[in-house]
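Analysis of the macromolecular model
Each chain, written out:
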Amino acid sequence: MILYCIPIPCENKWVNNNYNNNSNNNNSNNNNNSSSSLSNKKKRNIDDANMENENDEDNKKSKDEQSTTTTTTTNSSKEELKSKKLTNNKIDINKIFNYPIPIDSNDENNIKTPFIVNIYDDDVVLDENNKPVTFKINEIIEFIGVVAKFDPTLQHQSFASSSSNQIEDETPIIDLMSMLDVDEISTIPDTLIPQFHAITYRYLDPYQLNHLNPFSTTNSATINSNTTINNENNINNNNSNSLNNNNNKNIREELIKFIKLFIVDELLSEYLLFHLISKVYSFTTGLCIGNFSMNISIPNDKEFQRLPELIERLYEILLARSYRFSMSLDNLNDMDVVPYKDYDRNRIVSGLLQLPKGTNLILDETLLAEGKLESQGIKVLNALNTLSIQQKVEYDFKYHPIEIQTDLPTISISFGKSLIKGTTQISIDKSIKLPTIDEINLKMNQQNGIYNDDHLNQFRNYINYCKNLTFKISSPIGDGGESDDATRYIQEDFVKSRQLDPKMSTDVFHYWLTLSRLVALSYQDQYIKIDKWNIMKSLEEKRKSTQ
């Protein structure tokens with residue numbers, strides 16, 4: 001089996017830093033252990049092998065120099081023609097690699113590359129229900145295996161050299177790769193996309209912070225020959241439970257203070273916390289249970305126009321994956337947002353919404369200006385609305401759409417009424433003064449080291465713990481039936497609310513249940529208590545007063 005796999009999109013910088021630090025630490029430990037156990041004879045053998053490799057590399061360089069010299073002595077007219085073609089042919093690596101969002105290829109600390117993964121398991125892999133396991137789109141999978149010697153920093157040079165070596169009647173290799181069918185993907189040169197030979201692999205839970213301990217097997221599914229998937233659904237142990245063991249009961253208040261450092265507004269900080277820990281936990285009878293999408297309305301003032309950037313910065317610090325989409329007319333009309341099937345090349349062309357579950361999207365409507373919204377832009381707006389309310393993406397297969405269920409918590413920010421529907425809408429306090437990014441960085445540095453990596457990791461662990469905490473319908477045995485009393489209280493409260501407002505629909509009650517559940521989870525409760533229901537009602541009264 002051959003799979004085309006890309007790096008996990010939208011990963012924030014602290015995730016890559018943790019990966020690099022863990023990788024460097026493990027490599028240094030392995031090198032120290034191996035060096036201490038090597039005999040002098042082995043050391044000499046290694047040195048001899050290194051000398052042979054150096055000689056081979058020198059020979060290879062000399063051959064490369066000869067080939068380069070041969071290339072530069074070709075006919076001058078052909079050289080002029082090639083230079084013109086290269087000037088008119090701008091290479092978009094993100095398009096060639098089929099990335100859903102652009103990746104900064106100039107960032108040397110964040111060099112990533114896709115892989116063609118070869119899986120050699122002949123036996124049928126079964127899950128815990130003894131059913132065959134199939135690979136699905138947008139899943140996060142960790143592979144362990146062997147890859148040919150490959151330097152991603154030379155990848156762009158490969159593109160340039162492959163283009164510069166073309167002659168007049170030849171197709172550039174970058175164009176050839178972009179036109180290959182799925183069945184021909186194994187013919188792509190290793191210099192462009194390396195071949196990876198998997199030994200074992202496992203599914204990673206997209207809601208878990210595997211990045212804090214990437215070598216942990218908790219909450220993942222290891223797959224190998226003659227094995228089954230073993231899902232660890234009980235997240236109330238291991239690292240997550242350290243929140244309670246370390247008596248971090250005040251971490252919620254500390255996190256609210258940290259959020260207020262960015263957006264100042266206390267009420268909005270509470271709702272942002274709920275958005276951070278929200279996730280879809282069920283799709284049933286046309287309902288998307290657990291979805292908590294937000295609309296933030298701001299005054300039409302330059303003072304508040306930087307709010308999307310502030311929230312983006314906040315999410316980059318606290319979440320593993322997030323992305324801010326600037327909803328300008330150009331992006332709406334021209335950018336690939338909805339994935340579609342290219343029948344000529346027999347592949348799905350990736351779009352912004354082809355992301356793994358648990359990726360938070362910030363929709364910035366503040367950049368919208370007057371102009372014409374083309375049919376493509378209208379299609380994008382419809383897709384974003386469907387995502388925000390139903391958490392579904394309709395992949396465009398030209399003759400018919402295919403619905404893919406997902407979970408991309410959305411938050412839209414707009415001047416006045418938003419173009420994107422949400423489950424809740426909140427207006428920011430007009431009397432506050434938002435800080436700048438520079439002021440945020442200065443404040444964080446002036447907090448006497450409070451917001452260091454360890455403290456930020458506590459916030460991340462808290463969000464991860466609340467998001468994955470098993471929510472129960474009823475209270476455990478011996479709790480005095482508190483949840484039963486809460487259920488009766490909630491039912492009676494909703495009946496009273498409908499008597500006061502006969503137009504109140506069941507959608508409001510569904511929203512209240514979702515919000516009260518998030519309130520309970522933020523206090524690390526596994527079921528709704530009466531006091532948490534009252535906190536939710538109080539927050540809702542404050543929110544409505546801001547409208």
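Quick notes on the rules
Numbering of residues begins from 1 in every chain and follows the order in which that chain's sequence is written. Only residues with pLDDT of 70 or above have their local features reported here, since the model is predicted, and side-chain atom pairs are shown and tallied only from 80 upward, although totals for entire chains, interfaces and linings are computed over all residues. Side-chain metrics rest on all non-hydrogen atoms present in the structure, leaving aside hydrogens and water. A run of H or I in DSSP counts as a helix once it spans at least four residues, and a run of E counts as a strand once it spans at least two, with each numbered from the N terminus. The cut-offs for exposure are 20% and 50% of the maximum accessible area for each residue type, with area from a 1.4 Å probe on protein chains only; residues under the lower value are buried, those over the upper are exposed, and the others partly exposed. Take the residue count of a helix, subtract one, and multiply by 1.5 Å to get its expected span. Any pair of nitrogen or oxygen atoms within 3.5 Å is treated as a polar contact; in protein, a donor-acceptor pairing is required on top of that, and neighbouring residues in sequence qualify only through side-chain atoms on both sides. Contacts: residue pairs with any heavy atoms within 4.5 Å of one another. Paired strands are those between which DSSP finds at least two bridges. Only one rule defines a salt bridge in this text: a Lys or Arg side-chain nitrogen within 4 Å of an Asp or Glu carboxyl oxygen. To obtain an axis, a line is fitted to C-alpha atoms, over the contacting stretch when the element is a helix, and the angle between two such axes runs from 0 to 180 degrees between their N-to-C directions.

1. Structural notes on the environment of Leu361
- Relative to the helices and strands, Leu361 resides in strand β12 (residues 360-364).
- Judged by its relative accessible area of 0%, Leu361 is buried.
- For the pair Leu361 and Arg321, spaced 40 residues apart in sequence, the C-alpha to C-alpha distance is 9.0 Å.

2. Looking at helix α9 (residues 266-277)
- The end-to-end C-alpha separation of α9 is 17 Å, in line with the 16 Å expected for 12 residues at 1.5 Å each.
- Among the 12 residues that make up α9, 11 are buried, leaving the element largely enclosed by the rest of the structure.
- Listed in full, the buried residues belonging to α9 are Leu267, Leu268, Ser269, Glu270, Tyr271, Leu272, Leu273, Phe274, His275, Leu276 and Ile277.
- For α9, the N-terminal capping position is held by Asp265, with its side-chain oxygen 3.0 Å away from the main-chain nitrogen of Leu267.

3. A word on the environment of Asp429
- Mapped onto the elements, Asp429 comes out in the loop between β16 (424-427) and α13 (437-445).
- Residue Asp429 is classed as partly exposed on the basis of its relative accessible area, which comes to 35%.
- Residues Asp429 and Leu268 lie 161 residues apart in sequence; the distance between their C-alpha atoms is 8.5 Å.
- Apart from the residues lying within four places of it in its own chain, the contact partners of Asp429 are Asp265 and Phe304.

4. Quick look at the pairing of strand β14 (residues 401-405)
- Two elements, strand β13 (residues 392-396) and β14, share 5 bridges in a ladder whose sense is antiparallel. Bridge assignment links Tyr395 to a residue of β14, and that residue is Ile402.
- Between β13 and the antiparallel strand that follows it, β14, lie 4 residues; Lys398 among them carries a positive phi value of about 70°.

5. Points about the environment of Ile404
- If you trace the backbone, Ile404 turns up in strand β14.
- A relative accessible area of 24% means that Ile404 is categorised as partly exposed.
- In this view, Ile404 contacts Gln391, Lys392, Val393 and Tyr395; residues no more than four positions away in its chain are not counted.

6. Here we look at the pattern of salt bridges
- Using the criterion set out here, one finds 15 salt bridges in the structure.
- As a salt-bridge pair, Glu403 and Lys392 come within 3.2 Å of each other at their nearest N and O atoms. Here Lys392 lies in strand β13 and Glu403 lies in strand β14, a separation of 11 residues in the sequence.
- Accessibility expressed as a relative area gives 45% for Glu403, which makes it partly exposed.
- Salt bridges linked by common partners bring Asp525, Lys529, Asp531 and Lys532 together as one network.

7. So, helix α16 (residues 506-522)
- Compared with an ideal rise of 1.5 Å per residue, which puts 17 residues at 24 Å, α16 spans 24 Å between its outermost C-alpha atoms and is within 8% of the ideal.
- Within α16, 12 of the 17 residues are buried, which leaves the element mostly enclosed by the surrounding structure.
- Here α16 has its buried residues at Phe509, Tyr511, Trp512, Thr514, Leu515, Ser516, Arg517, Leu518, Val519, Ala520, Leu521 and Ser522.
- The positive-phi residue at the C-terminal boundary of α16 is Gln524, with phi of around 65°.

8. Here's the deal with the sheet that holds strand β9 (residues 322-326)
- Within the open sheet, the 5 strands sit side by side as β9-β12-β15-β8-β16. Their pairing is parallel. Since the sheet does not close on itself, it has two edges, and those belong to β9 and β16, each with one partner. Averaged over all pairs of adjacent strands, the angle between strand axes in this sheet comes to 20°, irrespective of strand direction.
- For β12 and strand β15 (residues 410-415), the ladder comprises 4 bridges, and the chain directions are parallel. Each bridged residue has a counterpart across the sheet, and for Ile362 the counterpart in β15 is Ile411.

9. Structural notes on the pairing of strand β8 (residues 294-298)
- A large share of β8 lies buried, amounting to 5 of its 5 residues.
- Here β8 runs beside β15; their pairing, made up of 5 bridges, is parallel. When the sheet's bridge partners are listed, Met294 is paired in β15 with Ile411.

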